[in-house]
Amino acid sequence: MALNYIWIALFFIGFIVGVIKLIMGDFETLPAMMDSTFEMSKNAFEMCLGLTGTLALWMGILKIGEDSGLIKRLASFLSPVLTRLFPDIPKGHPALGSIFMNISANMLGLDNAATPIGLKAMNELQSINKEKDTASNAMIMFLTLNTSGITIIPISIMAYRAQSGAADPTDVFIPLLLTSLCSTVFGLIVCSIYQRINLFNRYILLMFGVIAAFVGLLFYAIHGMTQEEMQHFCRVLTSVMILGAIMIFIFSGFLKKINVYNSFIEGAKGGFGVAVTIIPYVVAILVAVGIFRASGGMQMLQELVESGVEKLGLNSDFVGALPVALMKPLSGPAARGMMLENFTHFGVDSFIGHLSSIIQGCTDTTFYILAVYFGSVGIRKYRYSVACGLSADFAGVIAAVFIGYFFFG
């Protein structure tokens, strides 16, 4: 329901702003808004179409893991932690393995790899959902962890900074890691309060300890490296993890003497169907965002916030990165465009450039994820999922501002 109101508000506010500008003699805004509807519709379709190949690949790989029993064994190994975060999922259910793999892909900043795995997990969660049109607690917890966007190796952010001529593209590595941890922990806490889950559990605390140890080892490994060596190390590490995962799945099928090729084909067939299913949801979100942005509503909101911050006597330098923060929950490509615009306008190594990079990487596209993931399984009642996702986003942005000032202010 909350997404319904937000979607309508984006249209109405954009239209009202456009009409006001027309009355004031601006004859370009309304045509720009109209052009935006066609452009964003096209972008939404192309985005879903481009996702088809990735969906087919990973759904095929996951089918091999399912037929070989690897996902079941993985879920069993992780069950002490996952069953406490997802108490409604039966022990040993393949959804637990898919959830873990999706979160792992997100931690590596691999959006294209994470999405099809996440859609696979949503289909598995829907199979045990008693109310097929209503989001279950497990779905909401899963999407909260997804939208909070914990990132250990921000490959894409470092790549964009390098392309924009940053002196050190990797200098946002630690700030981004700390910020995404803040958003994930806060989102997890909020969702756990809604679902009355006790996080002070030895298995959950052990999980956080393992993550902390991995981060510490990673920092130790990259200590003393030049920026080129660090980027190369991160790319190699990511490649090893992803290709290694694929080979493990294929080898598990070989050991179990299943027809690995046929299993892959059977799973991959579902990729096109899922891509077609999510097109309407993606079109709805991106068109609304495009109208709001083309109307100038985003710019007006930014100016309003900047004025309010200055009246409070606070430093308003961070407001220049606000468009990235506002667009991020709605559209990843739009937020990325805002970040790149800030690189051009303010400079990639400016405070705004650094802060935009941190905000872009610290959370994920909440409304896009909710629309796509819930849309893929026919969920219409989102319950408190929007509140949990936006709570994580808000915590991430607040943490990004403070951490940005600490490192680059």
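About the criteria used
Residues numbered from 1 in each chain as written. Predicted model: local features only at pLDDT ≥ 70, side-chain atom pairs only at ≥ 80, totals over all residues. Heavy atoms only, no water. Patch = residues over 30% accessible without salt bridge, like charges linked within 9 Å, V, L, I, M, F, W, Y side chains within 5 Å. Areas by Shrake-Rupley, 256 points an atom, 1.4 Å probe, with all protein chains shown as cover. Salt bridge = Lys/Arg side-chain N within 4 Å of Asp/Glu carboxyl O. Helix = DSSP H or I, 4+ residues; strand = E, 2+ residues; numbered from the N terminus. Buried < 20%, exposed > 50% of the residue type's maximum accessible area, 1.4 Å probe, protein only. Contact = heavy atoms within 4.5 Å. Expected span 1.5 Å × (residues − 1). Arc of directions from axis to C-beta. Axes fitted to C-alpha atoms, helices over the stretch in contact; angles between N-to-C directions. Parallel < 35°, antiparallel > 145°, perpendicular 65-115°, else oblique. Left-handed = near helix turned anticlockwise from the far one by under 90°. 1 Å grid on protein atoms, 1.4 Å probe; cavity = no way out; pocket = protein on both sides within 12 Å on 5 of 7 lines; lining within 4 Å. Points joined across faces, edges and corners; volume = space filled by probe spheres on them. Nonpolar A, V, L, I, M, F, W, Y, C, P; charged D, E, K, R; others polar. Phe/Tyr/Trp six-rings, centres within 6.5 Å; stacked < 30°, edge-to-face > 60°.

K.L.:
Got a minute to help me understand a nonpolar patch on the surface in this structure?
P.N.:
Residues Trp-7, Ile-8, Phe-12, Phe-15, Ile-16, Ile-20, Ile-23 and Met-24 make up a contiguous nonpolar surface patch of about 880 Å² in total accessible area. Among the structural elements, Ile-23 can be located in helix α1 (residues 2-23). Relative accessible area serves as the criterion here: at 69%, Ile-23 is assigned to the exposed category.

K.L.:
In this structure, what is going on with the environment of Thr-134? I would like to understand it.
P.N.:
Tracing the chain through its elements places Thr-134 in the loop between α5 (111-127) and α6 (137-148). Thr-134 gets classed as buried once you look at its relative accessible area, which sits at 9%. Remark: the alpha-carbon pair of Thr-134 and Ile-379, spanning 245 residues in sequence, is separated by 5.5 Å. Those residues in contact with Thr-134 that lie beyond four places of it in its chain are Asn-129, Ile-379, Lys-381 and Arg-383.

K.L.:
Explanation requested: α6 in the structure shown.
P.N.:
One turn of the α-helix equals 3.6 residues, which is why residues spaced by three or four share an orientation. Over its 12 residues, α6 extends 16 Å from the first C-alpha to the last, a length consistent with the 16 Å expected when each residue adds 1.5 Å. Counting buried positions along α6 gives 11 out of 12 residues, so the element sits mostly inside the fold. Every buried residue belonging to α6 is among Ala-138, Met-139, Ile-140, Met-141, Phe-142, Leu-143, Thr-144, Leu-145, Asn-146, Thr-147 and Ser-148, and all of these are buried.

K.L.:
Would you mind showing me how to read helix α12 (residues 297-311) here?
P.N.:
Taking 1.5 Å per residue, 15 residues should reach 21 Å; α12 reaches 21 Å between its end C-alpha atoms and fits that length. Taken together, the buried positions of α12 are Gly-297, Met-298, Gln-302 and Val-309. For α12, the angular spread of buried residues about the axis comes to 135°, placing them on one side. Residues of α12 that are exposed and angled more than 90 degrees away from the buried face: Gln-299, Leu-304 and Lys-311.

K.L.:
Is there a simple way to think about the packing of helix α8 (residues 173-195) against helix α15 (residues 351-362) in this case?
P.N.:
Each pair of packed helices gets described by two things: the angle between the helix axes and the distance between those axes. Close contact between α8 and α15 brings their axes to 9 Å; oriented N to C, the two are set at 40°. Regarding the angle of α8 to α15, the classification is oblique. When the axes of α8 and α15 are compared, the crossing they make is right-handed. Between α8 and α15, the residues in contact are Pro-175, Leu-176, Thr-179, Ser-180 and Ser-183 and Ser-357, Ile-358, Gly-361 and Cys-362, respectively.

K.L.:
Looking at this structure, I do not really get empty space enclosed by the protein. What am I missing?
P.N.:
Any space left empty among the atoms is revealed by the rolling of a water-sized probe across them. Counted by the stated rule, this structure contains 1 cavity of 30 Å³ or more. As for the largest cavity, its lining consists of Phe-318, Ala-321, Leu-322, Ala-325, Ile-359, Val-397 and Val-401. For the lining of the largest cavity, the per-class residue count stands at 7 nonpolar, no polar and no charged.

K.L.:
Quick question: what am I supposed to make of the packing of aromatic side chains here?
P.N.:
The geometry of an aromatic ring pair is captured by two quantities: the separation of the ring centres and the angle between the planes. This model, assessed by the stated rule, comprises 7 aromatic pairs. Ring geometry for Tyr-194 against Tyr-384: centres 4.4 Å apart, planes inclined by 5°, an arrangement best described as stacked. Of this pair, Tyr-194 sits in helix α8 while Tyr-384 sits in the loop between α16 (366-375) and α17 (385-408); the two residues are 190 residues apart in sequence, bridging distant segments of the chain. By relative accessible area, which is 44% here, Tyr-194 ends up partly exposed.

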